[in-house]
Amino acid sequence: MTTKISLIILKTGATSGKEISQLVESITWSGRRGSPTRTLKFTLLDNDGYKHARSEIDIESGYHCIFSYNGTELFRGMIMRQTASYKKTADYIAYDMGIYLSNNKDTFVYENKTATDVFKDVCSRFGILVESAAQTTYTIPDLTKKKTTGWDAIEDALSLDYENTGVKHYVFSEGGKLYLKKRLENVKQWVLETDVNISTYQYMKSIEDIKTRIKLLSSEGTVLAQAQDDSLEAKIGTFQDIDTPDESLTTAQITALAKFLLEEKSTPERTLTLDKVLGLPDVISGVGMFINIPHLGLSKTFYVDEDKHTFEGELHTMSLTLNLTPVETSSSSNSTSSSSSSSSSSSSSDTSSTGYKVGDIVQFNGGKCCAASSTSSPSKTNLSAGPAKITYISTASSAAHPYHLVHTDGQTEVYGWVDAGTFS
């Protein structure tokens, strides 16, 4: 069994657990945007023959698991389903702390609270540990959710905040605690491209849900503001949507909201599906990454909607569903902002200040490379020297390693972000 994978099981409340990595046949770790819960599915050997080790897991006794890869913890959660079979293997499904949001119901009533307030209150009710929560800016006048899940209340609060600020947030679990984070903070400078690490892909565009007009009405039905895209209507005809804005908004804010909603809803759905890509543990739902597929004319930042990571022996692959999402820009408190009209990466450049450009073949000096331009820990070390291609140059202020190199032959295995001066 590979030493890259570590799977530990422990009973509820225990401070130490049992390492069962030697029993693992395969592990699948997955999640999707819009869900507070990530899932771990694993298959274990379950042979009761002479001197054969067994996991001895009984979910009725309350068992948790911790999954790590290359020394980094990726998942911590409760095992909630087990299935044994004649094959003398056993399948298990575990969920992280987000499951407590999905599986607890109550009645929630809030007045003049932010989405952050709602998030913290829901977690407090059900004893869910919160490590940190980004501060949302919009004050929700009234939010009442009867006999529903805690996640339903949080999701509605986050949706209202987004509609009125243009800033998206998401919830995730790490180390047995929950976090609330702003989407823009999770744009990573990973690059996926054809002929390098993409082999199978499918790209879909749809205008089935597109809107060319937005009309905002008062509770009495009076038109407060409207916006329409004449050039788009000339191409596809009229598709109108109506909504009722928060009554506390000013006329200027309602007008801005109509324009913002039109910009969002007049954009076609663009979904990219990638299958069996070389796995990167940090690429999960909600993360942004740069995609380069010249055949489709794609050279943009996409966000991961769904991810499925599969670990079998030494091999780690991932299958992704991504959507092209405009970068959000935050505004001051209680005002409405619109999304950027450009979806391409704002921290990329074809040419660096040193004269190197994307597409150049350079000689890598050897050493280390990183999985992201801003990370501090290398993903590979002691790499041999050899020729490589510059596939991306980051101009972001946080890019400590601004050049993305990919080896061109077998002399070196460099594949990742490197510092200036590490090649010539």
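Residues numbered from 1 in each chain as written. Predicted model: local features only at pLDDT ≥ 70, side-chain atom pairs only at ≥ 80, totals over all residues. Heavy atoms only, no water.

Visitor: Any chance you could break down the overall build of the protein for me, citing the residues and the numbers?
Guide: On a plain count of helices and strands, the protein comes out with five helices and 28 strands. Counting the 424 residues in the protein, one finds 46% classified as buried. When contacts within the protein are restricted to residue pairs at least 6 apart in sequence, those whose partners lie at least 24 apart make up 63%. A total of about 20,800 Å² of accessible surface is found on the protein, and carbon and sulfur atoms cover 46% of it. (Helix = DSSP H or I, 4+ residues; strand = E, 2+ residues; numbered from the N terminus. Buried < 20%, exposed > 50% of the residue type's maximum accessible area, 1.4 Å probe, protein only. Contact = heavy atoms within 4.5 Å. Areas by Shrake-Rupley, 256 points an atom, 1.4 Å probe, with all protein chains shown as cover.)

Visitor: Help me get a handle on the pattern of salt bridges, residues and values and all.
Guide: Inspection of the entire model under this criterion finds 12 salt bridges. In this structure, the salt-bridge partner of Lys4 is Glu314, at a minimum N-O distance of 3.8 Å. Of this pair, Lys4 sits in the segment before strand E1 (5-11) while Glu314 sits in the loop between strand E20 (298-312) and strand E21 (315-323), and the two are 310 residues apart along the sequence. (Salt bridge = Lys/Arg side-chain N within 4 Å of Asp/Glu carboxyl O.)

Visitor: So what's going on with the packing of aromatic side chains? Which residues, and what values?
Guide: Geometry of an aromatic ring pair is reported as the spacing of the ring centres plus the angle between the planes. Inspection of the entire model under this criterion finds 10 aromatic pairs. Note on Phe42 and Tyr92: the rings are 5.2 Å apart at their centroids and 20 degrees apart in plane angle, and the pair reads as stacked. Here the residue Phe42 occupies a position in strand E4 (residues 39-45), and Tyr92 occupies one in strand E7 (residues 89-95), the gap between them amounting to 50 residues. For the ring pair Tyr162 and Phe260, a centre distance of 5.6 Å and an interplane angle of 75 degrees mean the geometry is edge-to-face. (Phe/Tyr/Trp six-rings, centres within 6.5 Å; stacked < 30°, edge-to-face > 60°.)

Visitor: Outline the packing of helix H2 (residues 115-125) against helix H3 (residues 150-165), supporting the account with residue identities and numerical values.
Guide: When two helices pack together, you describe them by how their axes are tilted relative to each other and by the distance separating the axes. Two elements in contact, H2 and H3, have axes separated by 9 Å at closest approach and are oriented at 170 degrees. Our classification of the angle between H2 and H3 gives roughly antiparallel. Between H2 and H3, the residues in contact are Ala115, Val118, Phe119 and Val122 and Gly150, Ala153, Ile154, Ala157, Leu158 and Asp161, respectively. Residues of the contact of H2 with H3, tallied by class, amount to eight nonpolar, one polar and one charged. (Axes fitted to C-alpha atoms, helices over the stretch in contact; angles between N-to-C directions. Parallel < 35°, antiparallel > 145°, perpendicular 65-115°, else oblique. Nonpolar A, V, L, I, M, F, W, Y, C, P; charged D, E, K, R; others polar.)

Visitor: Could you give me a rundown of the sheet that holds strand E11 (residues 169-174), with the residues and numbers involved?
Guide: A sheet is described by the order of its strands in space; here three strands give the open sequence E9-E12-E11, paired in mixed fashion. Two strands lie at the open edges of the sheet, namely strand E9 (130-133) and E11, each paired on one side alone. Across this sheet, the average inter-strand angle for adjacent strands is 20 degrees, counted without regard to direction. As defined by bridge partners, E9 adjoins strand E12 (residues 177-182) across three bridges and the pair is classed as parallel. Note on E12: the bridge partner recorded for Ala133 is Leu180. (Pairing = 2+ DSSP bridges.)

Visitor: So what's going on with unusual backbone geometry? Which residues, and what values?
Guide: For Asn70, which is not glycine, the phi dihedral falls at a positive 55 degrees. Summarising the element assignment, Asn70 is placed in the loop between strand E5 (63-69) and strand E6 (72-84).

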